[in-house]
Amino acid sequence: MLGKIFFLLCLSSAWAEDLCSKAVPPEAYYVRLSIKTALGDKAYVWNDNEMFLFQATLAFAMRSQFSGQEYNVSNIVVCDETPRVSFWFVVTSLEDPSRLVSRGDVEQAVRKSRNRINSAFLLTDQTLEFIGITPTLAAPVAPNTPPWLIVFGVVMGAVFAGILVLLVLPLIQKKRKKNQPMEDEDSDEETQVKTAENGPERSGVYNMSFSDDDKFTQM
Amino acid sequence: MKVKLPNPGLDDRIPSHADLERMETEEAGDRPKWDNKAQYLLTCVGFCVGLGNVWRFPYLCQSHGGGAFMIPFLILLVLEGIPLLHLEFAIGQRLRKGSVGVWRSINPCLTGIGIASLMVSFLVGMYYNTIMAWIMWYLYNSFQSPLPWSQCPLNANRTGLVEECARSSTVDYFWYRETLNTSTAIDESGGLQWWMVLALISAWTLLYVCTIRGIETTGKAVYVTSTLPYVVLTIFLIRGLTLKGSMEGIKFLFTPDVDELMNPTTWLDAGAQVFYSFSLAFGGLISFSSYNSIHNNCEQDAVLISIINGCTSVYSATVIYSIIVLICIKYAFENNILKLMNAFDYAENNITDINYNDVLAHLNHTNPNIIEGLNLETCDMNKFLSQGVEGTGLAFIVFTEAIIKMPVSPLWAVLFFVMLFCLGLSTMFGNIEGVVVPLQDLRLLPRSWPKEVFCALTCLISCLMGLIFAQGSGNYWLALFDSFAGSIPLLVIGFCEMFSVIYIYGADRFNKDIEFMIGHKPNIFWQVTWRVLSPIIMLVILVFYFVTQITKSITYLVWDQEVVFPTLEARPYPDWINVIIFLLAGVPSLAIPLVFLYKFIQMKCCKKKDYSDSTVDTISAKIQMGEKMKF
């Protein structure tokens, strides 16, 4: 029993190597990672362990999509790894290692678990690219009240407050002034006698004595 | 030239020098005054420096031979702009009235000039404030991250992006569809767009609150609106200079192409730009200047403001272009690096900005076919900058695209639109002044009504009439107004102003006035430019403008998905537009001769005298009975 499993494993790995040396099969998907672009200083180094994680997450994706079918790391065959960190992979079917799972099925599996795959590598749809699988478009966040209405409301509130203040303030000032001059005029008449001059000289002061007189003499 | 046309009764209509001295010493309380000189200068600078400095001048510079455009611009600035500016300042300060009052004082038959200024200020104010509404709309939308013009919305069944957006670009889509909701032709109204109506109302109410009491309120507002644009431009300049490649843009803008100087349209455009850039012939500058003290040095002011205006144009051109070109370069660069990396499976960061050229050369050498197939983009500045990079296209399409490529985009968006808003608002102050003060002078409405009411009426009527710009076809109407209301009438008014002051008011009298006001007679430069050079230049520009407008078939640019998308298609106007064009350009221009004839006939046939300004000719009449005197 153990021997059989061991034999199958060797066969599958040999089969995997075989697959890589042939031309790219139509069921394959190209993958491209842009780790440094996404993470900058915090970028991790891509090595075999990371590749193992990739195979594991893909196996997980296949398992989630086709419940009951227990895909394993060995079913995910990766080839042509480049320093760019790009490669292509195929998924071998469970029953027969020489057969490959169709593109459509792989695509469905990847789409379903895309978020999980991205998160495992701390990447996004743009930095972990599956060439041929377009990312499902996230709907742009549309809040219930458009933000511009809020700003508009604030501005209009300020403007109307300003208009009110500017219109009402002089009215209040006028009322205050009306109450004041009643006291000023009385004191002026008693203390000062002023003369007014005709002609262009205006250096004198105005005589307030007659300010309260009626315009027309009374009969 | 000692030509002077007969002008009887001038002395009775205007205050004499002695009167002016007296008015200076006693507090003439009912005429507003500037709090200080800085306020006056800031208001005038704000009026002159407007959106045209930011989005028209750089385009003209770049399309007429870069640095070489400076030569006709500066020459015409000195020969046309400064003399007319000095003239408007001096006549306003001397006669101490708004535009209608000034021309009526010189000769009642010339009231038409003031009325024409009033009409032009009103029409221009109407569409200019709509641009302000657009700016405010973008400003309101800048307070979110990510910015709404950085993404395309999804289509109805969520399978892809909206087609219009995918075919053009996110910024185009946001401008033409989500802001304007533009229709495909000027006769298709498209209905009122409610969000545009709200933005328009906010623009007019904000303008009202600032101009509610004339220069009392605007004088305070200009401390902010006139200085903030310079602060923001400097911030953008610093930002631009810290990024690599900005010098490319500045170099490109200013490399001179001397052949362009031979082209007459270069000189024409330079002359027109100087004229409109100084906001001459609107009547606002005359009005502002009339609030000055009588001995204010208007000559110095004119030169100072002209220099500031010219420098601002050059400065803003530098800043804007360095930012825009930078983005073009950076974008093309990053795209190309990505393409090369992906095609040749280089590790990331193998190709950087530094070794990009070497790597490209090496790859071109080894695998030329693949390189060709990649379609590497180069930043073709000519093509990039010639795609409608003037006017609203510059601000709302190109610069917004540049903003979304910068980090912390909402901040830059807010800064940019606040700057545009301040530039436009300070210009609107001058426009409103040019409408309200002549309205008060014309005495169409009861004099007892306070200024607030005149202002409110102006803003309300302009807002209601401005609703045509809030329709689906509003953009096309605005372009129509911009081409016709703000071009030929201003040239006509400017020419008539200069002619009236020099030949009807009298150059000798004017010289003596200036000597009285600032202490020395205007020198030979002013004499030559006022009497001969500036009028001739204006006449030439006017004739050329008129001829080019009449001869070419008038078209307008349309955003239509069916045709030549995503560039704009030039389509001829429908026939009935000619009526509108006549109303916009013809009526203000014709107001001058028509009112002239009307007043002339009134004077000759009815022999009625205008009692409102002249005094009864007796001894006691020489005693000025002012309202303030109590005795």
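Cut-off values and rules
Residues numbered from 1 in each chain as written. Chains lettered and ligands numbered in written order. Predicted model: local features only at pLDDT ≥ 70, side-chain atom pairs only at ≥ 80, totals over all residues. Heavy atoms only, no water. Helix = DSSP H or I, 4+ residues; strand = E, 2+ residues; numbered from the N terminus. Rg over C-alpha atoms; globule rule 2.2 N^0.38 Å. Buried < 20%, exposed > 50% of the residue type's maximum accessible area, 1.4 Å probe, protein only. Contact = heavy atoms within 4.5 Å. Areas by Shrake-Rupley, 256 points an atom, 1.4 Å probe, with all protein chains shown as cover. Lys, Arg positive; Asp, Glu negative; His and termini not counted. Charge placed at Lys NZ, Arg CZ, Asp CG, Glu CD. Salt bridge = Lys/Arg side-chain N within 4 Å of Asp/Glu carboxyl O. UniProt positions renumbered as here; feature names shortened; annotations may be inferred. Polar contact = N/O pair within 3.5 Å; in protein donor to acceptor, adjacent residues only side chain to side chain. Domains from an automatic or database assignment. Disulfide = S-S within 2.5 Å. Core = buried A, V, L, I, M, F, W, Y, C linked by side-chain atoms within 4.5 Å. Phe/Tyr/Trp six-rings, centres within 6.5 Å; stacked < 30°, edge-to-face > 60°.

Peer 1: How should the overall build of chain B be read in this particular structure?
Peer 2: When helices and strands are tallied, chain B shows 28 helices and two strands. Taken against the 2.2 N^0.38 rule, which gives 25 Å for 631 residues, the C-alpha radius of gyration of chain B at 27 Å falls within 12% of a compact globule. Across its three principal axes, chain B shows a C-alpha extent of roughly 100 × 50 × 50 Å. In chain B, which comprises 631 residues, the proportion classed as buried is 56%. Of the contacts formed within chain B by residues at least 6 apart in sequence, a portion of 82% connects residues at least 24 apart. Within the structure as shown, chain B displays about 26,600 Å² of accessible surface, and the carbon and sulfur contribution to it stands at 64%. In chain B, 41 side chains carry a positive charge and 51 a negative one; their mean positions are 12 Å apart.

Peer 1: When you look at the pattern of salt bridges in this model, what are you seeing that I'm missing?
Peer 2: Should their charged atoms come close, side chains of opposite charge can pair. All names here are of chain B. Under the defined criterion, the tally for this structure stands at 13 salt bridges over all chains. The closest approach of N and O atoms between Lys220 and Asp35, which form a salt bridge, is 3.2 Å. Of the two residues, Lys220 is situated in helix α12 (residues 215-225) and Asp35 in the loop between α2 (17-25) and α3 (37-48); the sequence distance between them amounts to 185 residues. Take Asp35: its relative accessible area is 51%, and that puts it in the exposed class. With its nearest N and O atoms 3.6 Å apart, the salt bridge here joins Glu401 to Lys405.

Peer 1: Would you mind showing me how to read the UniProt feature "binding site: Na(+) 1" (unreviewed entry) in chain B here?
Peer 2: All names here are of chain B. The sites that UniProt annotates as "binding site: Na(+) 1" (unreviewed entry) are Gly46, Asn53, Ser277, Asn309 and Leu423. These residues run over 378 residues, yet every pair of their C-alpha atoms falls within 12.4 Å of each other. Relative to the elements of secondary structure, Asn53 occurs in helix α4 (residues 51-55). Among all residues touching Asn53, those that are not within four sequence positions of it are Cys48, Pro58, Ser277, Asn309, Thr312, Ser313 and Ser316. A polar contact of 2.8 Å, which involves the side chain of Asn53, links it to the side chain of Asn309. With respect to the helices and strands, Leu423 occurs in helix α22 (residues 409-442). Contacts of Leu423, omitting those with residues within four sequence positions, involve Gly46, Val49, Gly50, Leu51, Val54 and Pro229.

Peer 1: So what exactly am I meant to see when it comes to the domain arrangement of chain A here?
Peer 2: A common measure of how large an interface is: the accessible area buried when the components associate. Partitioning chain A into domains gives domain 1 (13-131) and domain 2 (142-177). Computed over C-alpha atoms only, the centres of domain 1 of chain A and domain 2 of chain A are separated by 60 Å.

Peer 1: Help me understand the state of the cysteines in this model?
Peer 2: Here a disulfide denotes one covalent bond, and it connects the sulfur atoms of two cysteines. Residue and element names in this part refer to chain B. Scanning the model with the defined rule gives one disulfide over all chains in all. Covalently, Cys152 is tied to Cys165 through a disulfide, its sulfur atoms 1.7 Å apart. Its S-S torsion of approximately -85° makes the covalent link between Cys152 and Cys165 left-handed. One end of the pair, Cys152, is in the loop between α8 (111-140) and α9 (163-167); the other, Cys165, is in helix α9, and 13 residues separate them in sequence. What makes Cys165 buried here is its relative accessible area of 2%. The thiol sulfur of Cys311 is not disulfide-bonded, and the nearest other cysteine sulfur, from Cys61, lies at 13 Å. Judged by relative accessible area, which is 46%, Cys311 ranks as partly exposed. Here Cys496 is not disulfide-linked; the sulfur of Cys109 is the nearest cysteine sulfur, at 13 Å.

Peer 1: Looking at this structure, I do not really get the nonpolar core. What am I missing?
Peer 2: When a protein is soluble and globular, its nonpolar side chains tend to lie buried together. Residue and element names in this part refer to chain B. Ranked by internal contacts, the top residues of the largest apolar core, which has 187 residues, are Phe89, Ile106, Phe416, Phe417, Leu420 and Phe510. When residues of this core are assigned to their parent elements, the largest contribution, 20 residues, is made by α8. With sequence-adjacent residues up to four places away left out, Ile106 is seen in contact with Asn7, Leu10, Arg13, Ile91, Leu95, Val501, Ile504 and Tyr505.

Peer 1: Could you clarify how one ought to interpret the packing of aromatic side chains in this entry?
Peer 2: Pairs of aromatic rings are described using the distance from one ring centre to the other and the angle between the two planes. Scanning the entire structure with this criterion turns up 55 aromatic pairs over all chains. When the centroid spacing of 6.1 Å and the interplanar angle of 85° are considered together, the rings of Phe89(A) and Phe130(A) count as edge-to-face. One end of the pair, Phe89(A), is in strand β3 (residues 86-91); the other, Phe130(A), is in strand β4 (residues 128-131), with 41 residues separating them in the sequence. Under the relative-accessibility criterion, Phe130(A) is labelled buried at 2%. Seen in terms of ring centroids, Tyr127(B) and Phe481(B) are 6.5 Å apart; in terms of plane orientation they differ by 70°. Their pairing is edge-to-face. A residue pair is termed long-range when its members are at least 10 positions apart, and Tyr127(B) in helix α8 and Phe481(B) in helix α24 (residues 474-484) qualify at 354 residues. In this pair, the class of Tyr127(B) matches that of Phe481(B), namely buried.

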